[in-house]
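Per-entry structural report
Letter by letter, the chains look like this.
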Amino acid sequence: MTLHWQDTQAEIHKVVVGPMDNNVYVVRCRQTGEAVLIDAANEHERLLELCGALGVRTVLETHGHWDHIQAIPAVRDAGYEVGVTAEDAAMLDSYDYLLTDEEAIQVGRLRLHCLHTPGHTPGSMSFRLEGSPILFSGDTLFPGGPGATKFEGGNFATIINSIQQRMFSALDANTIVLPGHGLQTTIGKETPHLQEWIDRGW
């Protein structure tokens, strides 16, 4: 576990787990100590340790692919509720509540805004931290392009539209993008390459 980023209102902790090197994030309100975990991906013992140490109250899933959900049964057994979109809910064995587009999740005094960004999966959800330049993009946007769309339920035109409309058009260039795998990037760094991605088709 590392403290990955912080400002006056929030801390973001990051751990990389499982065979697919999934990024798991904990977003913590510095004023109240309340936190959420984004993507209960794998290595549930490590994640439960994080949840206990950092005051996690609930778990938010960016989407329902197997590599992002392996720890869900264990975290639910430990008493943490799990939220996922209706479109991806059937991919999970179990969950507790549904996430909806433009809903704001309260985390202490923080607000995480849900942005439905389909394309990688029909129900892919990104999360924007109000008042901080942070976007959790799941597997929708990475350094160098969109997430894969070759899996069942994936659609390249849809993911391009999600990135263009919900991210590039809506967010400041200095917004830090924290994806579901690999390194972070920024909206400003990726925006100039959109046409290249469209032209190459992936």
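Below is a summary of the structure that appears in this document. Each chain has its residues counted from 1, running along the sequence as written. Only residues with pLDDT of 70 or above have their local features reported here, since the model is predicted, and side-chain atom pairs are shown and tallied only from 80 upward, although totals for entire chains, interfaces and linings are computed over all residues. No hydrogens and no water enter the side-chain calculation; it runs on all heavy atoms of the structure.

**Quick notes on the sheet that holds strand E3 (residues 22-29)**
Here, any two strands with at least 2 DSSP bridges between them count as paired. Runs of E in the DSSP output that reach at least two residues are strands. Runs of H or I that reach at least four are helices, and both are numbered from the N terminus. Read from one edge of the open sheet, seven strands run E1-E2-E3-E4-E5-E6-E7, paired in mixed fashion. The sheet is open, and its two borders are formed by strand E1 (2-6) and strand E7 (97-99), each paired with just one other strand. Looking at each pair of strands side by side, their axes are set apart by 30° on average, direction ignored. Sheet analysis places strand E2 (residues 10-17) next to E3, joined by eight bridges and oriented antiparallel. Across the sheet, residue Val-16 finds its bridge partner in E3, namely Asn-23. Along the sheet, helix H1 (residues 44-54) contacts E2, E3, strand E4 (35-38) and strand E5 (56-60); its crossing angle with E2, the most-contacted strand, is approximately 165°. Axis definition: a line fitted to C-alpha atoms, limited for helices to the stretch in contact. Angles are taken between N-to-C directions and run from 0 to 180 degrees. Only heavy atoms enter the contact rule, under which two residues are in contact if any of them lie within 4.5 Å.

**A few points about the sheet that holds strand E8 (residues 104-107)**
Reading across from one edge, E8-E9-E10-E11-E14-E15 is the order of the six strands in this open sheet, with mixed pairing throughout. What marks the edges here is a single partner per strand, and that holds for E8 and strand E15 (185-186). Bridging between strand E14 (residues 176-179) and E15 involves two bridges; their strand directions are antiparallel. Residue pairing for E15: Ile-176 is matched across the bridge by Thr-186.

**Regarding the packing of aromatic side chains**
In summary, the pairing rule links any two rings of Phe, Tyr or Trp, Trp by its six-membered ring, whose centres are within 6.5 Å, and it sorts them by plane angle into stacked for under 30 degrees, edge-to-face for over 60 and tilted for everything else. Applying the stated criterion across every chain, the model contains two aromatic pairs. Taking the centre distance of 6.0 Å and the plane angle of 50° together, the rings of Phe-168 and Trp-197 count as tilted. Within this pair, whereas Phe-168 is found in helix H3 (residues 156-168), its partner Trp-197 is found in helix H5 (residues 194-200), the two being separated by 29 residues in sequence. There is no split in this pair, since Phe-168 and Trp-197 are both buried. Here the guanidinium or amino end of Arg-200 rests over the ring plane of Trp-202, the centre of that ring lying 3.8 Å away. We call a residue buried when its accessible area falls under 20% of the maximum for its residue type, exposed when it is over 50%, and partly exposed in between, using a 1.4 Å probe and counting protein chains only. Any Lys NZ or Arg CZ that is within 6 Å of a ring centre and within 35 degrees of that ring's normal is treated as a charge sitting over the ring.

**Overview of H1**
Inspection of H1 places Leu-47, Leu-50, Cys-51 and Leu-54 among the buried residues, and these make up the whole buried set. Axial view of H1: buried residues confined to an arc of 100°, hence all on one face. Every exposed residue of H1 that faces more than 90 degrees away from the buried side is listed here: Glu-45, Glu-49, Gly-52 and Ala-53. Looking at the buried residues of H1, the elements they touch are E2, E3, E4 and E5. Phi turns positive one or two residues past the end of H1, at Gly-55, with a value near 75°. The arc under discussion is defined with respect to the helix axis, by the directions toward the C-beta atoms.

**Looking at the pairing of strand E9 (residues 110-116)**
In terms of burial, E9 is largely enclosed, as six of its seven residues are buried. The pairing of E8 with E9 spans four bridges and is classified as antiparallel. Residue pairing for E9: Ile-105 is matched across the bridge by Leu-112. Connecting the antiparallel pair E8 and E9 is a turn made up of two residues, with Gly-108 showing a positive phi of about 60°. Across five bridges, the pairing between E9 and strand E10 (residues 125-129) is antiparallel.

**Some details on the side chain of His-120**
With respect to the secondary-structure elements, His-120 resides in the loop between E9 and E10. Looking at His-120, the relative accessible area reads 3%, which means it is buried. Side chain to side chain, His-120 and Asp-139 meet in a polar contact 3.4 Å long. Once residues lying within four places of it in the same chain are set aside, the contact partners of His-120 are His-63, His-65, Asp-139, Gly-147, Ala-148, Phe-151, Gly-153, Gly-154 and Ile-159. For the purposes of these results, a polar contact is taken to be a pair of N or O atoms within 3.5 Å, where, inside protein, one atom must be able to donate a hydrogen and its partner to accept one; residues adjacent in sequence count only when each atom of the pair is a side-chain atom.

**A closer look at the nonpolar core**
Val-24, Val-26, Leu-37, Ala-40, Leu-47, Val-56 and Val-59 are the most contacted members of the largest nonpolar core, which has 23 residues in total. Only E2, E3, E4, H1, E5, helix H2 (72-77) and strand E6 (81-85) provide two or more residues apiece to this core. Of all the elements, H1 adds the most residues to this core, at four residues. When sequence neighbours within four positions are dropped, the list of residues in contact with Leu-47 reads Val-15, Val-17, Val-24, Leu-37, Asp-39, Ala-40, Ala-41, Asn-42 and Ala-71. In this text, buried Ala, Val, Leu, Ile, Met, Phe, Trp, Tyr and Cys residues form a nonpolar core when linked through side-chain atoms within 4.5 Å.

**Examining the environment of Gly-33**
In this fold, Gly-33 is placed in the loop between E3 and E4. For Gly-33, the residues in contact, after removing those within four places along its chain, are Arg-28, Leu-54 and Gly-55.

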